[in-house]
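Given next are the chains, with one letter for each unit.
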Amino acid sequence: MGGPLTAPLPIQLDRSSPVPLYHQLAEQLTAAIREGRLRPGDPFENEIGMSDRLNLSRPTVRRAISELVNQGLLVRRRGIGTTVANQMVHRKAELTSLYDDLAREGRTPRTEVLSLDCTAQDERAATVLEVPQGTPLVAIVRLRYADDLPLAIMRNWLPPTLSDLTLDELTNNGLYAVLRARGIRPTVARQRIGARNATAEERRTLHMSKAEPLVTMTRSAYAADGTPVEYGSHCYRADQYSVDVVVSER
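Computed from a predicted structure; not experimentally measured.

A. Structural view of the overall build of the protein. Across its full length, the protein holds 8 helices and 10 strands. In the protein, buried positions account for 43% of the 250 residues. Nonlocal contacts in the protein, meaning residues at least 24 apart in sequence, comprise 58% of its contacts between residues at least 6 apart. Here the protein displays about 13,700 Å² of accessible surface, and carbon together with sulfur accounts for 50% of that area.

Next comes the structure, spelled out in structure tokens:
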């Protein structure tokens, strides 16, 4: 739970501007969080109090706050209220590893290998990796931390040619860095993003409450010649992870 309520932020609204008031408010609140005037875990001024203080309608304030919640900058929790979120990982739609994404955003990635099985069998993974059903695969389950926060559970299946992978390699490097060091370069992948409720075990591992959802991603990655190199099924804390996608008119 956050600490004492911080002093109300000074907000300047231009009511003659064509920019909607909710957007002006959202922009200034976002800047306060980005610049560190509001810190992770800080309680956030409640909707009614902000409406009265700024002489704005509650729907206007609610819309501004919802924008920050949707961006992952604020978190609403029952019994606690609205607080400033911990720093969220924004993953662009490009072929990178979470380890590299965290390092690029100035956070400290850390990996705990939960299991490494070189004799695993999985029908879906065998199909993606284009090997006969029943082929022993390399199955890895890792817990990825961002700084000291458990962020993601990552399950990956690799071809049997990688059965000599070591715990040390997987603990100290991202998976794609390990593959590249062995001359295997994933160059294209197909991803599917979704969401679901966490299992009891996942909630314990990721330190989540029962009401919090997971972002899910499955990925099939291929080398430049079309050879499949890995199949992954990952889940992430939704309050800490988002995917940024650029779209354009066809």
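B. Local environment of unusual backbone geometry. Despite not being glycine, Asn55 has its phi angle at roughly 55°, a positive value. Along the chain, the position of Asn55 falls in the loop between helix H2 (47-54) and helix H3 (58-70). Here Asn55 falls in the exposed class, since its relative accessible area comes to 61%. One non-glycine residue with positive phi stands out, namely His207, at about 55°.

C. Examining the sheet that holds strand E8 (residues 213-222) more closely. On the basis of which strands lie adjacent, the open sheet formed by 6 strands has the order E4-E5-E6-E9-E8-E7 and antiparallel pairing. At either margin of the open sheet sits one strand with a lone partner, and together these are strand E4 (109-120) and strand E7 (188-197). Mean inter-strand twist for the sheet, computed between neighbouring axes without regard to direction, equals 15°. The pairing of E7 with E8 spans 10 bridges and is antiparallel. Bridge pairing links Gln191 to Arg219 in E8.

D. Summary view of the packing of helix H1 (residues 21-34) against H3. Where H1 contacts H3, the axes come no closer than 8 Å and their chain directions differ by 40°. Of the possible angle classes, the one that applies to H1 and H3 is oblique. When the axes of H1 and H3 are compared, the crossing they make is right-handed. Of the residues in H3, those in contact with Leu21, Tyr22, His23, Leu25, Ala26, Leu29, Thr30 and Ile33 of H1 are Thr60, Val61, Arg63, Ala64, Glu67 and Leu68. A per-class count over the contact of H1 with H3 returns 9 nonpolar, 3 polar and 2 charged.

E. Quick peek at the environment of Leu137. Position of Leu137 relative to the elements: it lies in strand E5 (residues 137-146). Along the backbone, Leu137 and Ser163 are 26 residues apart, and their C-alpha atoms lie at a distance of 7.8 Å. Not counting the four nearest positions on each side in its chain, Leu137 is found in contact with Asp117, Cys118, Thr119, Ala120, Asp122, Ala125, Ala126, Leu129, Val131, Trp157, Leu158 and Pro160.

F. Looking closely at the packing of aromatic side chains. Counted by the stated rule, this structure contains 1 aromatic pair. Directly above the aromatic system of Tyr145 lies the positively charged group of Arg110, at a separation of 3.9 Å from the ring centroid.

G. Focus on the side chain of Thr30. Position of Thr30 relative to the elements: it lies in helix H1. The buried category is assigned to Thr30, whose relative accessible area is 14%. In contact with Thr30, other than residues within four places in its own chain, are Leu68, Gln71 and Leu73.

H. How the structure looks around the environment of Tyr176. Looking at where Tyr176 falls in the secondary structure, it is placed in helix H7 (residues 175-181). For Tyr176, a relative accessible area of 4% corresponds to the buried category. Sequence separation between Tyr176 and Pro186 is 10 residues, and the spatial gap between their C-alpha atoms is 7.4 Å.

I. Quick peek at H1. Taking 1.5 Å per residue as the helical rise, H1 with its 14 residues ought to reach 20 Å, and the 20 Å between its terminal C-alpha atoms agrees with that figure. Listed as buried for H1 are Tyr22, Gln24, Leu25, Ala26, Leu29, Thr30, Ala32 and Ile33. Where H1 is buried, its residues touch H2, H3, strand E1 (74-77) and strand E2 (81-84). Downstream of H1 by one or two residues, Gly36 has phi in the positive range, about 85°.

J. Representation of the nonpolar core in the model. Core analysis: the largest hydrophobic core is formed by 20 residues, its most contacted members being Leu25 and Leu29. Listed by contribution, the elements that provide at least two residues to this core are H1, H2 and H3. The greatest single-element share of this core, amounting to 6 residues, is contributed by H1. Among the nonpolar cores identified, the runner-up in size contains 14 residues, and Val138, Leu162, Val178 and Leu179 belong to it.

Quick notes on the rules
The residue numbering used here restarts from 1 in each chain and proceeds along that chain's sequence as written. Restriction of local features to residues with pLDDT of at least 70 applies here, the model being predicted, together with a cutoff of 80 or more for giving and counting side-chain atom pairs; totals for whole chains, interfaces and linings are based on all residues. Side-chain measures here rest on the full set of heavy atoms in the structure, leaving out hydrogens and waters. We count a stretch as a helix when DSSP gives it H or I for four or more residues in a row; a strand needs E for two or more, and each element gets its number in order from the N terminus. Per-residue accessibility, obtained with a 1.4 Å probe over protein chains only, is compared with the maximum for each type, and a residue is labelled buried under 20%, exposed over 50%, and partly exposed between these values. In what follows, a contact means two residues having at least one pair of non-hydrogen atoms within 4.5 Å. Computed with a 1.4 Å probe, the accessible areas rest on the Shrake-Rupley method; for each residue, only the protein chains presented here act as cover. At least two bridges found by DSSP between two strands is the condition for calling them paired. Note on geometry: axes are lines fitted to C-alpha atoms, helical ones only across the stretch in contact, with angles between N-to-C directions running from 0 to 180 degrees. For classification, angles of less than 35 degrees are called roughly parallel, those exceeding 145 degrees roughly antiparallel, those between 65 and 115 degrees roughly perpendicular, and all remaining angles oblique. Crossing chirality is assigned from the near helix's rotation relative to the far helix, an anticlockwise turn below a right angle marking it left-handed and a clockwise turn marking it right-handed. Amino acids are sorted into nonpolar (Ala, Val, Leu, Ile, Met, Phe, Trp, Tyr, Cys and Pro), charged (Asp, Glu, Lys and Arg) and polar (every other residue, Gly among them). Pairing of aromatic rings covers Phe, Tyr and the six-membered ring of Trp, with a centre-to-centre limit of 6.5 Å; geometry is then stacked below 30 degrees between planes, edge-to-face above 60, and tilted otherwise. Whether a charge lies above a ring is judged from NZ of Lys or CZ of Arg, which has to be within 6 Å of the ring centre and within 35 degrees of the ring normal. Multiplying 1.5 Å by the helix residue count minus one yields the expected span of that helix. By convention a nonpolar core is built from buried Ala, Val, Leu, Ile, Met, Phe, Trp, Tyr and Cys residues, the set being connected through side-chain atoms within 4.5 Å.

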